Amino acid sequence: MKQNKVVISGGGLVGSLAACYFAKRGWIVEVYEKRPDPRDPDNAGKRNHRSINLAISTRGLSSINRLSPDVEKKVMDIVLPMYGRMIHSLDGSTNAQAYSILGKAINSVDRGILNEILLDQCETFEGTKVFFQHSLEQCDMDAKTATFKNLVTGEEVFTSADLIIGADGAHSPTRKFLQYYTKVNIEQKYIDHGYMELEMKAKDGNFAMDKEHLHIWPRKTFMLIALPNLDKSFTCTLFMPWSKFESIKTEDDLNEFFKEYFPDSIPLFGQESINEFFTNPKGALFYVKCTPHHYKSNAVIVGDAAHCTVPFYAQGMNCGFEDIETLDTLLCEQAAPLIDSKDPVACQNIKTSTLTPEQIEAALIKYTGCRPRDSASMIDLAMYNYIEMRHSVNTFSYKARLWLEGKLHLIMPKVVIPLYTMVSFSKISYTDATIQWKKQTKALQNVVSVFTKLSLATIAVLLVKYSGPRLGLRLPSFAEVARIFRK
Ligand code: FAD
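Residues numbered from 1 in each chain as written. Predicted model: local features only at pLDDT ≥ 70, side-chain atom pairs only at ≥ 80, totals over all residues. Heavy atoms only, no water.

*Asks:* Would you mind showing me how to read the overall build of the protein chain here?
*Replies:* Each helix and strand in the protein chain was counted, giving 16 helices and 19 strands. Structurally, the protein chain occupies a C-alpha span of about 95 × 60 × 40 Å along its principal axes. Going through the 487 residues of the protein chain one by one, you find that 53% of them count as buried. Partitioning the intrachain contacts of the protein chain with sequence separation of at least 6 by distance along the chain shows that 72% fall at a separation of at least 24. Split by element, the accessible area of the protein chain, about 23000 Å² in all, is 57% carbon and sulfur. (Helix = DSSP H or I, 4+ residues; strand = E, 2+ residues; numbered from the N terminus. Buried < 20%, exposed > 50% of the residue type's maximum accessible area, 1.4 Å probe, protein only. Contact = heavy atoms within 4.5 Å. Areas by Shrake-Rupley, 256 points an atom, 1.4 Å probe, with all protein chains shown as cover.)

Laid out in structure tokens, this is it:
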């Protein structure tokens, strides 16, 4: 039987995970990556303009586990768990807010090392080749061919495949080619805020702050956050409106800005790191929602290529990894319809490399049937979470809800689930999580409203009972009370 071949454009986080999965399922795999090999010592220190570290949570880890529990262990060996947010107030005081009443954590992981683990893993499979410094130039999705340019020699490399996967990131060239072949609805939006990273080095050989939290300095319209690294430094990211970035022109402006908004961070950073503000690159933040994600049995886009998001729920990569798990599940379902395709153990030895184009197309139709909707919900949640992180975390109503939902979750774990738990510690689809959260919000609002009305009524009754006769007031009749409640 013919062995299928997949060509993957992009060997970043999602592309390298996809390569591992397809190689494991018996496919011939070719990955073409524009950047140089990050494992080559000559390229150490060169990074693309994305975050140095990121948070991996249940969805991302589950996808790695389905590939191989051993690889998951390798990843877990290099992460730093963060059990909650550490809120830094203006007066320098801090306040810890747990992510989960059950003590669950999200994990800070080095983007480069994670990518290297996945690249190493895909290259353990015979029949897998990774070509670095090769950039996608042309893609004929009817003929299932692609042309890459070797960026070192300038030579054009022509290849063909049974399936072409676009994992080439937020500005995906594959997504652009997909639009020539099928009607792709796209929504793209730049937000008015950008980001910049600053390094907080280790202090006397140790972490400068508590390493088990994601630190946030919420300042209503902007914020600074910090995630720990294995070398005991923190990568801090300043998210701010562009106008605010532009208003800081001199070292005096910068120092005033830090004194006013992040005074406690100054001794932790040191002047040298703060001054990186003037040299470090600033990144734009935007999202892309699009559908469909595939063309016939011939091509599919995954990860940021399919759904670039603003990073405020730390779900971009997690969602991209979930794409690959979902795609694999749907292909396994075609290869072995009698096996529970969601069960990683039952699917361990399934090969999908001899699926027919009809079977691949059936899987891709289902893929487009679920992923665009889910990733769009993830993007909406991320847009919402920016307001929560930079402002709501400091408000009484937010803290009260966090506390109440946590307690209710303990008593009724399936009925009340905090949003953060559904997004970061479960595999409930992003769409279902959003629906459930909206229902919970409504129910909680109703409870608070009834409680407020009852309290007000009780106060009124007591006032009238004890002070009424003196003031010439009387208690209302039952019918009058009922009328108040109906309002
Ligand atoms: P990328 O990582 O962008 O990889 C795409 C690859 O394709 C790149 O290696 C690129 O070189 C290559 N490529 C591009 N063009 C071509 C071409 N023409 N030919 C060949 N190759 C090409 N997500 C989380 O889950 N948790 C977080 O905490 C988190 N934090 C973030 C913080 C910031 C500041 C930002 C910006 C993002 C964050 N994300 C986070 C999102 C996460 O970075 C992305 O979702 C993730 O990198 C997507 O992986 P990808 O492989 O799809 O794309």
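There is more to say after this.
*Asks:* Explain the domain arrangement of the protein chain to me, please; I cannot follow it from the model alone.
*Replies:* A common way to express how large an interface is: the accessible area buried when the components associate. If you check the domain split of the protein chain, you get domain 1 (5-82 + 104-189 + 286-386) and domain 2 (395-486). Computed from C-alpha atoms alone, the centre-to-centre distance between domain 1 and domain 2 is 44 Å. Counting residues at the interface gives 19 residues for domain 1, matched by 14 residues for domain 2. Where domain 1 abuts domain 2, roughly 1600 Å² becomes buried across the two surfaces, and 58% of that area is made up of carbon and sulfur atoms. The largest per-residue losses of area from domain 1 upon contact with domain 2 belong to Arg59, Tyr313 and Leu381, which jointly make up 37% of the total buried on that side. Viewed at the interface, domain 2 and domain 1 are joined by 1 salt bridge. With a shortest N-O distance of 3.0 Å, Glu325 and Lys427 are connected by a salt bridge. (Domains from an automatic or database assignment. Buried area = accessible area lost by both parts, 1.4 Å probe. Salt bridge = Lys/Arg side-chain N within 4 Å of Asp/Glu carboxyl O.)

*Asks:* When you look at the site of the ligand in this model, what are you seeing that I'm missing?
*Replies:* Neighbouring the ligand are 30 residues; Glu33, Arg35, Ala55, Arg111 and Asp304 lie closest to it. Between the ligand and Ala55, the relevant distance is 2.7 Å, taken from an oxygen atom to a main-chain nitrogen or oxygen of the residue. Between the ligand and Met317 there is a distance of 2.9 Å, counted from an oxygen atom to a backbone nitrogen or oxygen. Contributing elements (two or more residues each) for the shell around the ligand: helix 1 (13-24), strand 2 (28-33), strand 3 (53-56), strand 9 (134-140) and helix 11 (316-335). In terms of residue class, the shell around the ligand is made up of 12 nonpolar, 11 polar and 7 charged. (Near = heavy atom within 4 Å. Polar contact = N/O pair within 3.5 Å; in protein donor to acceptor, adjacent residues only side chain to side chain. Nonpolar A, V, L, I, M, F, W, Y, C, P; charged D, E, K, R; others polar.)

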